[in-house]
Structure formats: C-alpha cells, structure tokens
Amino acid sequence: MGMHIGDKQFDKRRDEGLHDGFMRQAVRSAQTRLQTNRSKAADALGGWESWRELGEEIRTHTLENIDYYLEQLSDEVAKRGGHVFFAQTKEEANEYIQNIAKEKEAKYIAKSKSMVTEEIGLNDALEQIGCEVVETDLGEYILQIDDHDPPSHIVAPALHKNKAQIRDVFKEKLGYEHTEKPEELTLFARETLREKFLQADIGITGCNFAVAESGSFALVTNEGNARMVTTLPKTQVTVMGMERIVPTWEDLDIMVSLLTRASVGQKLTSYVTGLTGPKLEGEADGPEEFHLVIVDNGRSDILGTEFQSILHCIRCAACINVCPVYRHIGGHAYGSIYPGPVGAVLTPLLGGYDDYEELPFASSLCGACTEVCPVKIPLHEHLISHRRHIIEEDKRGTFSENLMMKGFGTLAKSSGKFNTATKFASTGAKPFVRDGMIEKGPGPLKDWTINRDMMPPQKQRFRDWYKKREG
Amino acid sequence: MKTNTGEDLIQRRESFLNELSKKLGRERKKEITRPAWKVSPQLDVLKNVSQDELTSVLEEQCDAIHTKFVKTTKADLSNTILDTIKLYEASSVITWKDERFASFDLDSSLTDWDHAGIVEYHVWNSENRDESVAIAERADVGLTFSDITLAESATVVLFSDKGKGRSVSLLPKTHIVIIPKSTIVPRMTQATKWIHEKVANGETIASCINFISGPSNSADIEMNLVVGVHGPLHAAYIVVDDA
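Residues numbered from 1 in each chain as written. Chains lettered and ligands numbered in written order. Predicted model: local features only at pLDDT ≥ 70, side-chain atom pairs only at ≥ 80, totals over all residues.

Trainee: Would you explain the overall build of chain A in this entry?
Mentor: Assigned secondary structure in chain A consists of 22 helices and twelve strands. Within chain A, contacts between residues separated by at least 24 positions form 73% of all contacts whose residues are at least 6 apart in sequence. (Helix = DSSP H or I, 4+ residues; strand = E, 2+ residues; numbered from the N terminus. Contact = placed C-beta atoms within 7 Å.)

Trainee: In this structure, what is going on with the overall build of chain B? I would like to understand it.
Mentor: Helices and strands together make up the secondary structure of chain B, namely seven helices and 13 strands. Overall size of chain B, expressed as C-alpha extent along the three principal axes, is 70 × 50 × 45 Å. The burial tally for chain B puts 43% of its 243 residues in the buried class. Sequence-distant contacts, at least 24 apart, represent 74% of the contacts inside chain B between residues at least 6 apart. (Buried ≥ 20, exposed ≤ 12 C-beta atoms within 10 Å, placed from the backbone.)

Trainee: Looking at this structure, I do not really get the packing of helix α4 (residues 66-79) of chain A against helix α1 (residues 13-23) of chain B. What am I missing?
Mentor: The axes of two packed helices give the description: the angle between them and the distance between them. α1(B) packs onto α4(A) with a crossing angle of 160° between their chain directions and a minimal axis gap of 9 Å. Relative to α1(B), the element α4(A) lies roughly antiparallel. Contacts between α4(A) and α1(B) involve A:Ile66, A:Asp67, A:Leu70, A:Glu71 and A:Ser74 from the first element and B:Arg13, B:Leu17, B:Leu20 and B:Ser21 from the second. Among the residues making up the contact of α4(A) with α1(B), the classes are represented as four nonpolar, two polar and three charged. (Axes fitted to C-alpha atoms, helices over the stretch in contact; angles between N-to-C directions. Parallel < 35°, antiparallel > 145°, perpendicular 65-115°, else oblique. Nonpolar A, V, L, I, M, F, W, Y, C, P; charged D, E, K, R; others polar.)

Trainee: Looking at this structure, I do not really get the interface of chain B and chain A. What am I missing?
Mentor: By a widespread convention, an interface's size corresponds to the accessible area lost as its parts come together. Contacts between chain B and chain A engage 67 residues on the former and 77 residues on the latter. Listed by contribution, the elements that provide at least two residues to the side of chain B that touches chain A are β1 (10-11), α1, α6 (129-138), α7 (188-200), β10 (208-212) and β11 (217-218) of chain B. Class assignment of the residues belonging to the side of chain B that touches chain A gives a composition of 27 nonpolar, 24 polar and 16 charged.

Trainee: So what exactly am I meant to see when it comes to the sheet that holds strand β4 (residues 120-123) of chain B here?
Mentor: Across a sheet, strands are paired by hydrogen bonds formed along the backbone, either parallel or antiparallel in direction. Residues and elements named next belong to chain B. Strand order in the open sheet formed by six strands is β2-β13-β8-β5-β3-β4, and the pairing between neighbours is parallel. Where the open sheet ends on each side, the last strands, each with one partner, are β2 (68-73) and β4. Mean inter-strand twist for the sheet, computed between neighbouring axes without regard to direction, equals 20°. Strand direction decides the pairing type here: strand β5 (residues 141-145) and strand β8 (residues 174-180), joined by five bridges, are parallel. Counted as the bridge partner of Thr144 is Val177 from β8. Lying over the sheet, helix α5 (residues 106-115) contacts β3 (92-95) and β4, oriented at roughly 135° with respect to β4. (Pairing = 2+ DSSP bridges.)

Trainee: Would you mind showing me how to read helix α10 (residues 182-199) of chain A here?
Mentor: Side chains that are three or four residues apart share a direction in an α-helix, a result of its 3.6 residues per turn. Its 18 residues place the ends of α10(A) 26 Å apart at the C-alpha level, agreeing with the 26 Å of an ideal helix rising 1.5 Å per residue. The largest bend along α10(A) reaches roughly 25° and is located at A:Leu193. (Expected span 1.5 Å × (residues − 1). Bend = angle between axes of the 7 residues up to and from the residue.)

Trainee: Could you clarify how one ought to interpret the confidence of the model for chain B in this entry?
Mentor: Low-pLDDT portions of the prediction should not be read for the details of their coordinates. Per-chain confidence: chain B averages 96 in pLDDT, with 99% of residues scoring 70 or above. Both scores are available for the predicted complex, with the pTM at 0.90 and the ipTM at 0.97. (pLDDT = per-residue confidence, 0-100.)

Trainee: Mind showing me how you'd approach the sheet that holds strand β10 (residues 289-295) of chain A here?
Mentor: Strand order in the open sheet formed by seven strands is β3(A)-β2(A)-β4(A)-β7(A)-β10(A)-β1(A)-β1(B), and the pairing between neighbours is parallel. Two strands in the sheet have a free side with no partner beyond their single neighbour: β3 (132-135) of chain A together with β1 of chain B. Examined bridge by bridge, strand β7 (residues 235-241) of chain A and β10(A) share seven bridges and lie parallel to one another. Considered in β10(A), the bridge of A:Gln236 is made with A:Phe290.

Trainee: Explain the pairing of strand β6 (residues 216-221) of chain A here, please?
Mentor: On any regular strand, side chains alternate: one points to one face of the sheet, the next to the other face. Residues and elements named next belong to chain A. Among the six residues in β6, six count as buried, and that is most of the element. Of the two faces of β6, the one carrying Ser216, Ala218 and Val220 and the one carrying Phe217, Leu219 and Thr221 are both buried. With three bridges connecting them, strand β5 (residues 209-211) and β6 associate as antiparallel partners. If you follow Phe209 over to β6, its bridge partner there is Ala218. The turn linking β5 back onto β6 is made up of four residues, and Gly215 within it adopts a positive phi angle of 65°. As paired strands, β6 and strand β9 (residues 271-276) are joined by six bridges and run antiparallel to one another. Paired with Ala218 across the bridge in β9 is Gly274.

Trainee: Looking at this structure, I do not really get unusual backbone geometry. What am I missing?
Mentor: Most peptide bonds take the trans configuration, and most residues that are not glycine carry a negative phi. One non-glycine residue, A:His148, lies in the positive phi region at around 60°. You can see A:His148 is positioned in the loop between α8 (138-145) and α9 (163-174). Within the chain, B:Glu222 stands out as a residue other than glycine whose phi angle is a positive 50°.

Trainee: Is there a simple way to think about the environment of A:Ser74 in this case?
Mentor: The topology assignment puts A:Ser74 in helix α4. Of the residues examined, A:Ser74 has 27 C-beta atoms within 10 Å and is grouped as buried. Along the primary structure A:Ser74 and A:His328 are separated by 254 residues, whereas in three dimensions their C-alpha atoms are 43 Å apart. In this structure A:Ser74 touches A:Val84, B:Ile10 and B:Arg13, once residues within four positions along its chain are discounted.

Trainee: Even after reading the chapter, I still don't get the environment of B:Phe101, so can you show me in this structure?
Mentor: All names here are of chain B. Tracing the sequence through the fold places Phe101 in helix α4 (residues 99-103). According to the C-beta neighbour criterion, Phe101 is buried, with 21 such atoms within 10 Å. A C-alpha to C-alpha distance of 19 Å links Phe101 and Ile184, two positions 83 residues apart in sequence. Once residues lying within four places of it in the same chain are set aside, the contact partners of Phe101 are Thr95, Leu106 and Asp107.

Trainee: I tried to follow the environment of A:Ala42 on my own but got confused; where do I start?
Mentor: You can see A:Ala42 is positioned in helix α2 (residues 21-45). As for A:Ala42 and A:Leu258, which are separated by 216 residues in sequence, their C-alpha atoms are 8.7 Å apart.

Here it is as structure tokens:
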C-alpha cells in the first residue's frame, strides 16, 4: 500500500469525509474521549510541562547525534548476535526482508502494528513472493480482512468503522456467526489469530523506541499480539524508522511515560516489552534469529533543515486527537497513513509537495496540536513554513491565491491602501450577503463557503473601534 | 562483527551514517557524552514514600487496570494462591522453573495439589520448547514472580531467563503474579535505572524484559474497552510480605 492511501484528489477525499456521517460521529467521540483521558493523565502525573521539556531535550539531543546513537545501537545488537541492515530506501528494506523470507522458506508471517512497515509497503512485497502476511493488531486485522481498507488514525487504525460494519466483514470473510458486541468480536479474533501466531514462521514488528546503549528496543502495546509475535516464531524481523531511538534505558522511561499518557491517557500500557537480540542460550521461547532493519526512506533529507524537529515525533497522535480539521474530514482525507497535524507536516516531507501540497493548508493554525505535543514539536509553525515554501518559493499556489497574496502584499505595504481596503470591505461584500452571512463567496472565499457560511466584514473596523474605546 | 558463516552482522552502515552526518553538516561523531538533562520530574513521583504507602498506591491502581489484588503473609501464601486459582475455576497451572517457588515453599504445595487431583501442575521446561509452549497454551493459569514492581502503574517487571519462559505470562487464560513486597518501587524510573546500571557495568541483560500491567485489552472497536485480547483474559496480583 505504501504511505499514500486513496487515489482521488484532496478536495474529493475531503468532501467524502465531510459527508460521511458515521465517520464524523466516530471521530468526534473518539477525539473527545482521548483528549479527556490525556489531560486527566497529564494532570495526575504532575509537572507535565517539566516532563514535556525533558522529552524535548532528550529528542533534540538524540536527533543531533543520530549517527552516533545508530552506530552504538547496531554494535550492541551485533554483540548479542543480532543482524542489522541499514536501508536507505523502502526498496532496499523490502528486498532484505523478502530475502529472509525466501531463505527461511517462510509461508506464514505474523505482524504486529507498525507504521513504518505500512509506509514502505512491506506486506505487498511479502505477498508478491507468496507469503501469507497476517496483521495481528485488532484494528489492523479488521482493516486487512476488509480488502485492505486504509488506516485512518495512527493509534486506532479502524476508528472510522462501526461495530455493525465490523460484524459484517467478519461474517462475510471469516464466517463469523455471533453478534456485533465488541466482546464477542474480540474473542473471535483471539481464537482465529491464536492459530496464526502458533504457525507463523516469521514475526515482524515495528519499534516504538530502540535503546542505543544495549541494542534493545521497546514495544508499547495493550493487546499482547506484539508479545506473541516476539515469543513464538523462530525468526524475528523488527523494522524501525531511523529516528525512533533513545540513548539509554533511563531516557526510555521518560519517552514511554510521555507516550502512554499523550496517546491514550494510560500510566503504562498493558505491555511495554523490552527486547534485546535473539533469545539467549538455554532459553526455550523467543526468536532464534533476530534482524533489525533501520529505515531512512526520506528521513535524512529532513535532518539539518528547519523541519528537523518533526523527527522528534513519537507517534502518540495527541495532535490528531485535538485537531479541529481532522475532526471534520477524518483520516482518509489526508491521503496518507500519517494524518492530522503530524501528517500534514511529515507527509509532504516524505512524499513531496507534488502529491501533498494541499495538506499544510488543511489546518486552521489554531495551534492546539503544538500545545499538546508531548515533545513540544512546533507543529503549526512547521505548517506555516510549508505554506511559505509552497506559495512563495515554489510558486505552487493556485492562480487566485497568488493574485490574492500579491494584492494583500501591495495593500499591507501601504498603510493608506490598507485602510481604504478594510474600510470598503464591508461595502464590497454586500452583494454576497444573505441573512447577515456570506453563503457563496467569490474567488478565494469560494472553497470556504462551500461548507460553511462566513461572517461578512464588520461595518466598524477593529482599528476604529479600538481608537474610539481609547478615546 | 561476523556470523559463524562469515557473513557481516551489520550491513550497509557506513554510507548510511555518513549521509546523516553530512546532512547535519559535520563529521561523524565517534564519542559523545550524554548531557545531564535540565529537569528531572520523574524523581519527584512518589518520592520518600514508605513501602506500605507504595503498596496502597499499587492496590488502588489495580482497580483501574482490571486486576485482582490480594495481600497475604508468607505463611498464608499457598492458601491464597489456591483460593485465587479456584476463583478462576482453573484446573491447570504452569509455573516458571524459579528458585523462589522453593524459597516460598510453594513447589511442595503445588505438587500436593497435583497429586490430590485439585489442579494439574507443570513447570516450564527449557529443554523442550515445543512441549513447554503447548502446555502453556493449554494451561488455565500461568504463575510467575515479579522481579521489580512499579506502584504508580501497578506493573510487574519480569526478566526472561532459561527457567523463566516468556510464554508463561502470555499464553494461559489467567496470569497470577506473586509480588514480594520488597520488590515494590515507585515507578518505571527505578526499574530502568537498575537496567541502565547493569548495562553500564557491562553485564548481560535479559533478552526479554516485560513490563506488564494487568490483563491484555483493546479499544479498537468503537473505542469500547474489551479486557482480554491475545494475552491473558484475567490478571491477579498477590502481594506477600517478605520482610
């Protein structure tokens, strides 16, 4: 599948989201719950701002020295007998993992949830060589059996589906015969997937955080599928985005404490599993062979740029859970497995402006994302930078936008013209006003007023009001 | 570093890392010192709190994570375990091969119960992977000991080892954990510090370190919490006063 999802234009995806009543209701209720849980957990911890500051400091230091920490990590993995492959591109990563599958003559592969393997399209690559790949995270499993419906949220991938839809998918694809109760659906998945875990030749995981000092990595989960995948198959492959690393176990404590609170409001998830190399001699379960695949796939191009701090992201989705735009258009509208504010910043960096130039504009710049980010990434400032690049430098703005910006530039430069323009705005807008609102705006207002009405310019300008108030 | 067959364990590293240092606008770093961070809020959590108070924090958090909590004494431990096993109507138990079962006088009780037909008793056998996994998969209860216990999040930390198979805390329907009271610390900070110091001393750390907080769960279907997914459906903690 790769990073890109859907094949329509942004405005079509956006409109589809806006007209999907169930999805919008589901997103609203999920956002509300996750936001509430996050802020309760942050309050309960105490000193949340200090924690964020510490998180930011650790991430900044790590990314500034990423070459050193990746070298240390790989040395330590090798000391424990694990293999490490550095993949500059997704093709290199996929080919390496395909070769492992071929060498092991693997038929069945069990995967736990991983964004980076989605990003590189690993499942397709493995299916091409005849492997059966099973996603074992409940949300991912539901999407996979529903003919690879794309994820719409990085923590709760099947957020856009309701239980009746899920029951129908289970019924149609797997012969499920029970009700739409989440408990019964989940129990069915437990029984079906247990078999898959036991027969899997290879287990594939992502990586929440690698720990450089010991060549370890941690998986932060609730369902237990990641533990299955790292306990039962004889070969384990772990794929990590190159930035997902901390220097020491002490730093892991901080990052995990921030992640579980910011994403779901838990003190810790049911499982935080720290794994190091293959099983040790004399141990019975755990993999006999371990491969760590470290993926660049466009990340290094972000290093040394004004966008470097987006690599600090720990994929908690707190920014997605507060975003008013995501609330209305949902995850699929972003056209990427990375939706919401983080997606609007990251996706164009990894996928290019040609395909994703609309995303930085899918934001109200309210800054709620920046405020909740547990590692203090200035997300809305990155969105502004993107807009500047797209419009000013690359001249990629639409024609009316360029005209408007040019016009605004001329007006704003001369205080006389600016005054005139704002004074006449009220009069100029008159032909478009119905019942006190602009329902069908001209030019640049058109897209805005398709979905909502706009207040007409006030008769009294703020500047005039302020002057009078002072006097 | 190479494998037995002479293959390099690390592949394509140099060009990859050189590219990173180039993008960062400097030479490759060969030595760095991790700075002292400016703030350390983690050290203030449950600071100067007694072992009894930590136990209360643990008990309270157990409620939030759907985990049964019982306190007992050394003398009553085996009775408490049997009561807990009966509570879940379990008929088979698998334990680690761990000296603490002998030091708390539990292996003899378990053997007695097995002979009396009360509960089938198995011990993890590292010599036979397939059989051990199959037994754990069938067992109603996996019985383990906590190595370090985190009060804040009601988390047991389990270090894998030869006799301490990963499957015992994962495959059975119910996970019962014996928590010696002396293992309770405020939070993850103390556990990771301990691991960090082992690494710094050049010691080998466990291949699998599990931080487990209650039974498995999921909220993937309409954000409804369902307790019990792939890991155990139930979890119980038995805190034993070992002072």
